[in-house]
Amino acid sequence: MSLPAKSTRDDRRKTTMTTSTRNPALESPSRAGSGDAGRSGPVISVQTLWKVFGRHGGDVPGSEELSALSRKELKERTGCVAAVCDLSFDVAPGEVFVVMGLSGSGKSTLVRCLTRLIEPTAGHVLFKGEDILGINERSLRELRRHSISMVFQHFGLLPHRRVADNVSYGLEIRGTGKRERSQRAAEVIDLVGLSGYENSFPDQLSGGMQQRVGLARALAGDPEVLLFDEPFSALDPLIRRDMQNEVIRLHHEVGKTMVFITHDLAEALKLGDRILIMRDGRLVQVGTGAELVGAPADDYVRDFVREVPRSRVLTLRWIMRPAHADDQMDGPEFGPDVVVGEAVRAVLEAERPIKVVQDGTLLGVVGNAEILAVVAES
């Protein structure tokens, strides 16, 4: 199985000089709750989801008084802990949707609720329109085997099995024949860059290589959705960066819908088409990286993104201004989703404003003043 040359999200962004490769509906400057992501129906739709740990946790979602309490207040009054509180969001087909928050924010509980590894207390989790919370155990097993796979932080490899056997384990459980299992394992091992290590045992591999095995295992069953629960947090920084690039490359090649959990803002900005920020189990804001940096919903998000270099995240859409009557309109054209940092040189070298154009329509212009204002804040 031959592979195209490796690609990164930055490589793909450079193609937006004239047209955008990202979903325009996800790029419009708006605050949280601005509308559904994607042009078709969501693959995953989470609706008013709750997970409350405690003896009387089931009483919390239906109580207007209890559901309004902060996590600390609820714990003091009832002894219950609300890990996920009234959460709603959609994940579009092919989207990399990142859920981010500090330790204890509820993000790992949330991702486990999506396949009922942890049973939600209330709400709905729809997969392609079907409520997962209403299906029986057999259907749930089939969902996990065929449709949604998970990559865990601690790899979860079987130490007595070789790489190829670890990768094909899910297919074996599914009942796939040995020849087909071996063929599929070889394909995904090659896909994640581990050809030549098929017969190695996990303890003979580095941490990054072990996580590649976990990723290959998740891909082997050809699921529609991949869930990642902080898969790279235990890796060294350089290996972590390589694995982030690997996820970007794989997404570019296989186009899977991905839900990625992290506490690292830089990782979230690098990987995510959209990012949901959680705090104490609740949604604070959801949007593109540019939306979070350009229009933070509150001081919590503002503090989160304070150190982010704005020129590396904001797009021309965010800094363009209307064209003036005296503007010379024969300057170069850029797409609205070009990152500011990629346009700096062209803007400063031009003797006139650059035009921001989408589908033949002039959206605005960007000149030296607009560019320098962002660069000065970076």
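These lines cover the structure that appears in this document, whether it is placed above or below. The structure displayed is predicted, hence computed values, not measured ones.

Turning to the overall build of the chain, a few remarks are in order. Assigned secondary structure in the chain consists of 16 helices and 13 strands. Looking at the chain as a whole, 51% of its 378 residues qualify as buried. The contacts of the chain with a sequence gap of at least 6 include a subset with a gap of at least 24, amounting to 70%. Carbon and sulfur atoms make up 48% of the accessible area of the chain, which amounts to about 17,700 Å² in all.

Let us look at the nonpolar core. The nonpolar side chains of soluble globular proteins are, as a tendency, buried together. In terms of nonpolar packing, the biggest core is built from 63 residues, with Val-167 and Leu-316 touching the most fellow members. The element contributing the most residues to this core is helix H9 (residues 207–220), with 7 residues. Apart from residues no more than four positions distant in its own chain, Val-167 is found in contact with Ala-185, Val-188, Ile-189, Val-213, Ala-216, Arg-217 and Ala-220.

Let us now look at the environment of Ala-234. The topology assignment puts Ala-234 in the loop between strand S7 (225–229) and helix H10 (237–254). Using a relative accessible area of 51% as the deciding quantity, one classes Ala-234 as exposed. Between the C-alpha atom of Ala-234 and that of His-154, which follows or precedes it by 80 residues, the distance is 7.8 Å.

Looking now at the pairing of S7. Burial within S7 is extensive, with 5 of its 5 residues counted as buried. Side chains of S7 alternate between two faces, with Val-225, Leu-227 and Asp-229 and Leu-226 and Phe-228 buried alike. Pairing between strand S6 (residues 148–151) and S7: 4 bridges, direction parallel. Bridged to Ser-149 within S7 is Leu-226. Here 5 bridges tie S7 to strand S8 (residues 257–262), and the two strands are oriented parallel to one another. Counterpart to Phe-228 in the pairing with S8 is Phe-260. What joins S7 to S8 is H10, and the crossover it makes is right-handed.

Size it by volume and the largest pocket reaches roughly 650 Å³. Of all elements in the fold, only helix H5 (137–146), S6, helix H7 (169–174) and H9 reach the threshold of two or more residues within the lining of the largest pocket. Of the residues belonging to the lining of the largest pocket, the class tally is 12 nonpolar, 6 polar and 5 charged.

The relation between two aromatic rings is expressed through the spacing of the ring centres and the mutual angle of the planes. Applying the stated criterion to the full structure yields 4 aromatic pairs. With centroids separated by 5.0 Å and ring planes inclined at 10°, the aromatic side chains of Phe-89 and Phe-97 adopt a geometry described as stacked. Relative accessible area serves as the criterion here: at 7%, Phe-89 is assigned to the buried category. Among the residues examined, Phe-97 registers a relative accessible area of 0% and is labelled buried. Their ring planes at 50° and their centres at 5.7 Å tell us that Phe-232 and Phe-260 sit as a pair that is tilted. Remark: Phe-260 occurs in strand S8 and Phe-232 occurs in the loop between S7 and H10; sequence separation between them is 28 residues.

Enumeration according to the criterion identifies 23 salt bridges in this entry. With its nearest N and O atoms 2.5 Å apart, the salt bridge here joins Asp-222 to Lys-256. Remark: Lys-256 occurs in the loop between H10 and S8 and Asp-222 occurs in the loop between H9 and S7; sequence separation between them is 34 residues. Overall, the relative accessible area of 11% leaves Lys-256 in the buried class. Residues Glu-370 and Arg-321 are paired through a salt bridge, measuring 3.2 Å at the closest nitrogen-oxygen approach. You can see Glu-370 sitting in helix H16 (residues 368–377) and its partner Arg-321 sitting in the loop between helix H14 (316–319) and strand S11 (333–334), a full 49 residues away along the chain.

Moving on, we get to unusual backbone geometry. The phi dihedral of Asp-86 falls on the positive side, at around 50°, and the residue is not glycine. With relative accessibility at 41%, the residue Asp-86 sits in the partly exposed group. For Glu-230, which is not glycine, the phi torsion reads 45° and is therefore positive. Take Glu-230: it is sitting in the loop between S7 and H10.

A turn of α-helix holds 3.6 residues, and therefore any two residues three or four places apart point the same way. Of all the residues in helix H15 (residues 340–349), the buried ones are Val-340, Ala-343, Val-344 and Val-347. On an axial view of H15, the arc spanned by its buried residues comes to 135°, and they lie on one face. Away from its buried face, by an angle of more than 90 degrees, H15 presents the exposed residues Arg-345 and Glu-349. Where H15 is buried, its residues touch H14, S11, strand S12 (354–358), strand S13 (361–366) and H16.

Here is what the cut-offs are and how they apply
- Residues numbered from 1 in each chain as written.
- Predicted model: local features only at pLDDT ≥ 70, side-chain atom pairs only at ≥ 80, totals over all residues.
- Heavy atoms only, no water.
- Helix = DSSP H or I, 4+ residues; strand = E, 2+ residues; numbered from the N terminus.
- Buried < 20%, exposed > 50% of the residue type's maximum accessible area, 1.4 Å probe, protein only.
- Contact = heavy atoms within 4.5 Å.
- Areas by Shrake-Rupley, 256 points an atom, 1.4 Å probe, with all protein chains shown as cover.
- Core = buried A, V, L, I, M, F, W, Y, C linked by side-chain atoms within 4.5 Å.
- Pairing = 2+ DSSP bridges.
- Right-handed = clockwise from strand over helix to strand, strands pointing away.
- 1 Å grid on protein atoms, 1.4 Å probe; cavity = no way out; pocket = protein on both sides within 12 Å on 5 of 7 lines; lining within 4 Å.
- Points joined across faces, edges and corners; volume = space filled by probe spheres on them.
- Nonpolar A, V, L, I, M, F, W, Y, C, P; charged D, E, K, R; others polar.
- Phe/Tyr/Trp six-rings, centres within 6.5 Å; stacked < 30°, edge-to-face > 60°.
- Salt bridge = Lys/Arg side-chain N within 4 Å of Asp/Glu carboxyl O.
- Arc of directions from axis to C-beta.

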